[in-house]
Amino acid sequence: MEVIKSSLMILALLFLHGAMADSNYNGGLLYFDYYKESCPLAEEIVRRNVEVAVLKEPRMAASLLRLHFHDCFVMGCDASVLLDSYGDIQSEKQAGPNLNSARGFEVIDEIKAILEHACPCTVSCADILALIARDAVELRGGPRWEVGLGRKDSLKASFNGANQFIPAPNSSLDTLIASFQAQGLDIWDLVALSGSHTIGKSRCTSFRQRIYNNMEEEYDYYKRYKIFNGMLRSFCPRSRRDDAVVPLDFITSARFDNKYYINLLQGKGLLGSDNVLITQDHEGHIVKQVWSFASDQRLFFKSFVKSMIKMGSINVLTGEQGEIRRNCRFVNSATPSK
Ligand code: HEM
Ligand SMILES: *[C@@H]1O[C@H](CO)[C@@H](O)[C@H](O)[C@H]1NC(C)=O
């Protein structure tokens, strides 16, 4: 009782309005001080180790943030993305959106190992992903927020779910809106969370289709896009160099800032899915939001935080559901003996 009373409770319900009366919301509760008694140093341990990983390789911040997104969009934020193929489990890592692309698993292994040493079988892999994403954003100059904790880890992965629910970079705006809606996220969340593409990189293969199409839809945009397009074509030829990487934000790829939105307005959004926010928005609401984020970084940060908290509570397993994995790559009943 005492714990509950003194806890700053997040009623996920407060953040999840409208469409959230559906099956994506399971009524679970997350708590800011969930590990206060059981693992008081948990957040500190995560933070220090994300710092080390990002110092070693700045891009890692982006890769770790993306993992949380790819986790939450497949059966909820339950660390399903971290499971390796083993026994009945077909890993999500081999699904299209993750294959040759999702990275940072070793960093998570390392952090989990340290946490297991400090507080065995206490901190879930799903919570680790949520904390890491928060720290990664802050370490690149982005906003900080309190992360509600208490997620449990899944007992399974969904290879098909990863293919189905993680949106593709050549999606139309309507498809993007629908795939966010399927997770209980709205258009505002889509625009704010796409701002994650202010850091990190993309492979040529993820935007080649876009840079070699005839750009009919992007007609008004073509003039502004032309020089940028030429540069992208020279870097990413029609074939070859599939895995060569280009920064998602050409102006300040190392910083978490609002330049992503300025890029969009200048025709320098890299992915098709970035660009359609501008070119396919027939009603003008999205373009308006892009303008307001482009001109007010604080507003972007505020909206981003709100949407990240919302994304981080999608379909979370709590209480007796799921388990706390000892090794994020395997469910406890199937951990291979060393
Ligand atoms: C709106 C739908 C989205 C689509 C279609 C999309 C697609 C992509 C693609 C294709 C890449 C490049 C992957 C590669 O070529 O290896 C990428 C990178 C990235 N995405 Fe997204 N994304 C979306 C939304 C998000 C969201 C919501 C987040 C985070 C909350 C996010 C975070 C990132 C980050 C940080 C990177 C860089 C990763 C790295 O450098 O390792 N994306 N995204
Ligand atoms: C997107 O790309 C994939 C793979 O290259 C292709 O199969 C699919 O038809 C494309 N979808 C759209 C909407 O262009």
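What counts, and where the lines are drawn
Residues numbered from 1 in each chain as written. Chains lettered and ligands numbered in written order. Predicted model: local features only at pLDDT ≥ 70, side-chain atom pairs only at ≥ 80, totals over all residues. Heavy atoms only, no water. Helix = DSSP H or I, 4+ residues; strand = E, 2+ residues; numbered from the N terminus. Buried < 20%, exposed > 50% of the residue type's maximum accessible area, 1.4 Å probe, protein only. Contact = heavy atoms within 4.5 Å. Areas by Shrake-Rupley, 256 points an atom, 1.4 Å probe, with all protein chains shown as cover. pLDDT = per-residue confidence, 0-100. Near = heavy atom within 4 Å. Polar contact = N/O pair within 3.5 Å; in protein donor to acceptor, adjacent residues only side chain to side chain. Nonpolar A, V, L, I, M, F, W, Y, C, P; charged D, E, K, R; others polar. Domains from an automatic or database assignment. Donors = N, O, S within 2.8 Å, 3.2 Å for Na, K, Ca; no water. Axes fitted to C-alpha atoms, helices over the stretch in contact; angles between N-to-C directions. Parallel < 35°, antiparallel > 145°, perpendicular 65-115°, else oblique. Left-handed = near helix turned anticlockwise from the far one by under 90°. Salt bridge = Lys/Arg side-chain N within 4 Å of Asp/Glu carboxyl O.

A. View of the overall build of the chain. The number of helices and strands found in the chain is 15 helices and four strands. Taking all 338 residues of the chain together, 55% fall into the buried category. Excluding contacts between residues fewer than 6 apart, the proportion of contacts in the chain whose partners are at least 24 apart in sequence is 76%. Of the roughly 15700 Å² of accessible surface on the chain, 55% is carried by carbon and sulfur atoms.

B. Molecular detail of the confidence of the model for the chain. Residues of the chain with pLDDT of at least 70 account for 88%, and the chain-wide mean is 90. For the stretch residues 1-27, pLDDT sits under 50, and the model shows 40 contacts to residues farther than four places along the chain or on other chains.

C. Structural view of the site of ligand 1. In the vicinity of ligand 1 there are 26 residues, among which Arg59, Ser63, Ser101, His197 and Ser206 approach most closely. The separation between an oxygen atom of ligand 1 and a polar side-chain atom of Arg59 is 2.8 Å. Here an oxygen atom of ligand 1 and a side-chain polar atom of Ser206 are 2.6 Å apart. Of all the secondary-structure elements, those providing two or more residues to the shell around ligand 1 are helix H4 (60-72), helix H8 (173-181), helix H9 (187-194) and strand E3 (201-203). Residue contributions to the shell around ligand 1 peak at four residues, all from H4. Residue classes in the shell around ligand 1 are distributed as 12 nonpolar, nine polar and five charged. Domain assignment of the residues forming the shell around ligand 1 places at least three in each of domain 1 (42-165) and domain 2 (173-310).

D. How the structure looks around the coordination of the iron atom of ligand 1. There is one protein donor for the iron atom of ligand 1, namely His197 (NE2), at 2.1 Å. Relative to the helices and strands, His197 is located in the loop between H9 and E3.

E. Spotlight on the packing of helix H3 (residues 42-56) against helix H5 (residues 105-118). Where H3 contacts H5, the two axes come as close as 10 Å, and the packing angle between them is 150°. Considering their axes alone, H3 and H5 lie roughly antiparallel with respect to each other. For the pair H3 and H5, the sense of crossing is right-handed. From H3, Ala42, Ile45, Val46, Asn49, Val50 and Ala53 reach across to H5, where they touch Val107, Ile111, Ile114, Leu115 and Ala118. Residue classes in the contact of H3 with H5 are distributed as 10 nonpolar, one polar and no charged.

F. Local environment of the side chain of Asp189. On the secondary structure map, Asp189 appears in helix H9. Side-chain polar atoms of Asp189 contact the side chain of Ser307, separated by 2.7 Å. The contact partners of Asp189, leaving out residues within four places of it in the chain, are Phe180, Ser194, Ser307 and Lys310.

G. Seen up close, the pattern of salt bridges. Using the criterion set out here, one finds 18 salt bridges in the structure. With its nearest N and O atoms 2.9 Å apart, the salt bridge here joins Arg48 to Glu44. Of the two residues, Arg48 and Glu44 both sit in helix H3, four residues apart, roughly one turn of that helix. Arg48 gets classed as partly exposed once you look at its relative accessible area, which sits at 45%. Overall, Glu44 belongs to the partly exposed group, its relative accessible area being 38%. Among the salt bridges present, the one from Lys310 reaches Asp189, with a minimum N-O distance of 2.6 Å. Separated by 121 residues along the polypeptide, Lys310 in helix H15 (residues 297-311) and Asp189 in helix H9 bring together distant segments of the chain. Pair check on accessibility: Lys310 and Asp189 agree, each one buried. The network of salt bridges with common partners includes Glu43, Glu44, Arg47, Arg48, Glu51, Arg134, Asp135, Glu138 and Arg144.

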